[in-house]
Amino acid sequence: METLVGHTIEEMEGIAKALEVPAFRGRQLAAALYGRQVRTWDALTDLPRELRGRLAEQYALAPCHVRSSSAAPDGTVKYLLSLPDDEVIESVFLPYPGRTSVCISSQVGCPMACSFCATGTEGLARNLSAGEIVDQVVQMQALHSERITHVVLMGMGEPLLNYDSVLKAIRLLNNEVGIAMRHITVSTVGVVPNILKLAEEDLQLTLAVSLHAPNDTLRSELVPLNNKYPIARLMEACRAYTDKTKRRITFEYVLMSGVNDTEKEAHELGRLLRAQPLSSVNVIPYNSTDVAPRYKRPTPEAARRFQQIVTSYGVTITQRQERGHRIAAACGQLKRSALRAGSSMRPLPMLTGASSGAG
Ligand code: SF4
């Protein structure tokens, strides 16, 4: 059954008109679902009971239901969300002082097969709909009393391979949920044609490019998509993106001991990015996973030395704060461990009875 979350205000007005009620009922519906995160028909009290009944015959309210969750002492909460067809995706709630971020998925699984990534071993099951993407944010907003200010599309999947649904979801997040466009980050491993297409959308969102290696030999080993779009083409597309949008691009670099964290790669990265306007690097020490035991976390000294060398080229580099977050290296770990353990992850007391989606 189709869900109402995922429709624009105009589409909800159309749904109202199709049921022969005034269009403002559609606007009320959008305000309730996106603005107040109403998750059950009973709580949708702005609409007459009779209209709710007729809507419920044709639509479910929302697609995402909490299947399980686990909390870290720093306040990070990882969710496994069930979808209407029983597929499962991951989303992460990340509170920071002064802002609250969520990391969401764009696909069930991922076809990119990056060699260090848990999700990459599963392949792609399917794309998420716009409703399934936006509802991860709405669901987490409903479960927590803090207002979500930042959204990062860095969970399962390659967002630019699900272009239309991701773009619709981003517009819904901006227009209806109230997330500032500059606070929405799309992360890609480098789907060059769609980076160029995104540049033409004229959106002030933030683009993050998962680079992970400064030369084609190593990058093709880590990110097979590099065989199709090698670094020179990727950098050219990134330059076109910054020229058009005037927005800074963040290059993500997962540091793996002895693989891409040596002084040689640091110098190569510095030389590559000093020529790249409006760019900075985020390094993330690899989170060991049973998917690829050959990849190890670097020592703090190696990570520090790497950053010093890259900085010496005038390139801005920061180490991302780790919060039990699905960093690129760890994506898919939550789902895998939960499925292996028959979903025996620790449920949160505060979520008891609050995990249902559409009623
Ligand atoms: S790192 Fe990202 S793009 Fe690569 S396989 Fe994992 S989810 Fe896909």
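Please refer to the structure placed before this passage.
Residues numbered from 1 in each chain as written. Predicted model: local features only at pLDDT ≥ 70, side-chain atom pairs only at ≥ 80, totals over all residues. Heavy atoms only, no water.

> Quick question: what am I supposed to make of the sheet that holds strand 2 (residues 77-82) here?
For sheets, the rule is that strands pair by backbone hydrogen bonds, running either parallel or antiparallel. With mixed pairing, the 10 strands of this open sheet are ordered in space as 1-2-3-4-7-8-9-10-11-12. Because the sheet does not close on itself, it has two edges, and the strands there are strand 1 (65-71) and strand 12 (316-319). On average, each strand axis in the sheet is inclined to that of its neighbour by 25°, with strand direction left out of account. In this structure, strand 8 (residues 184-188) lies alongside strand 9 (residues 206-210), joined through four bridges in parallel fashion. (Pairing = 2+ DSSP bridges. Helix = DSSP H or I, 4+ residues; strand = E, 2+ residues; numbered from the N terminus. Axes fitted to C-alpha atoms, helices over the stretch in contact; angles between N-to-C directions.)

> Sorry, what's going on with unusual backbone geometry here?
With the exception of glycine, the majority of residues adopt a negative phi angle, and the majority of peptide bonds are in the trans configuration. For D86, which is not glycine, the phi torsion reads 70° and is therefore positive. Take D86: it is sitting in the loop between strand 2 and strand 3 (88-96). Relative accessible area serves as the criterion here: at 64%, D86 is assigned to the exposed category. (Buried < 20%, exposed > 50% of the residue type's maximum accessible area, 1.4 Å probe, protein only.)

> When you look at the packing of aromatic side chains in this model, what are you seeing that I'm missing?
The description of two aromatic rings rests on the distance between their centres and on the angle between their planes. In the structure shown here, the tally under the stated rule is two aromatic pairs. On the basis of an interplanar angle of 40° and a centroid distance of 5.1 Å, the ring pair of Y253 and F306 is categorised as tilted. With Y253 in strand 10 (residues 249-255) and F306 in helix 10 (residues 300-311), this pair connects stretches of sequence that are 53 residues apart. With a centroid separation of 6.1 Å and an interplanar angle of 75°, the aromatic rings of Y286 and Y295 are classed as edge-to-face. Classification of Y295 by relative accessible area gives buried; the value is 4%. Seen from the ring of Y96, R99 lies directly overhead, with NZ or CZ sitting 4.3 Å from the centre. The ring of Y163 has K197 sitting right over it, with the charged end atom 4.3 Å from the ring centre. (Phe/Tyr/Trp six-rings, centres within 6.5 Å; stacked < 30°, edge-to-face > 60°. Lys NZ or Arg CZ within 6 Å of the ring centre and 35° of its normal.)

> When you look at the packing of helix 1 (residues 9-18) against helix 2 (residues 24-35) in this model, what are you seeing that I'm missing?
Helix-helix packing is characterised by the crossing angle of the two axes and by the distance between the axes. Interhelical geometry of helix 1 versus helix 2 gives an angle of 130° and a closest axis separation of 7 Å. Relative to helix 2, the element helix 1 is oriented oblique. Considering only the axes of helix 1 and helix 2, their crossing is right-handed. On helix 2, the residues touching I9, M12, E13 and A16 of helix 1 are R25, G26, R27, L29, A30, L33 and Y34. Residue classes in the contact of helix 1 with helix 2 are distributed as seven nonpolar, one polar and three charged. (Parallel < 35°, antiparallel > 145°, perpendicular 65-115°, else oblique. Left-handed = near helix turned anticlockwise from the far one by under 90°. Contact = heavy atoms within 4.5 Å. Nonpolar A, V, L, I, M, F, W, Y, C, P; charged D, E, K, R; others polar.)

> Got a minute to help me understand the pattern of salt bridges in this structure?
Pairing is possible between side chains that carry opposite charge, provided their charged atoms lie close to one another. Throughout the structure, instances matching the rule amount to 12 salt bridges. The closest approach of N and O atoms between R171 and E201, which form a salt bridge, is 3.2 Å. Of this pair, R171 sits in helix 5 (residues 163-177) while E201 sits in the loop between helix 6 (192-200) and strand 9, and the two are 30 residues apart along the sequence. Residue classification places R171 among the partly exposed residues on the basis of a relative accessible area of 34%. For E301, the salt bridge is made with R304, and the minimal N-O distance between the two is 3.8 Å. Residue E301 and its partner R304 are located together in helix 10, separated by three residues, close to a single helical turn. Judged by relative accessible area, R304 falls into the partly exposed class, the value being 49%. Ionic contacts of the salt-bridge type, sharing partners, join the residues D85, R126 and E132 into one network. (Salt bridge = Lys/Arg side-chain N within 4 Å of Asp/Glu carboxyl O.)

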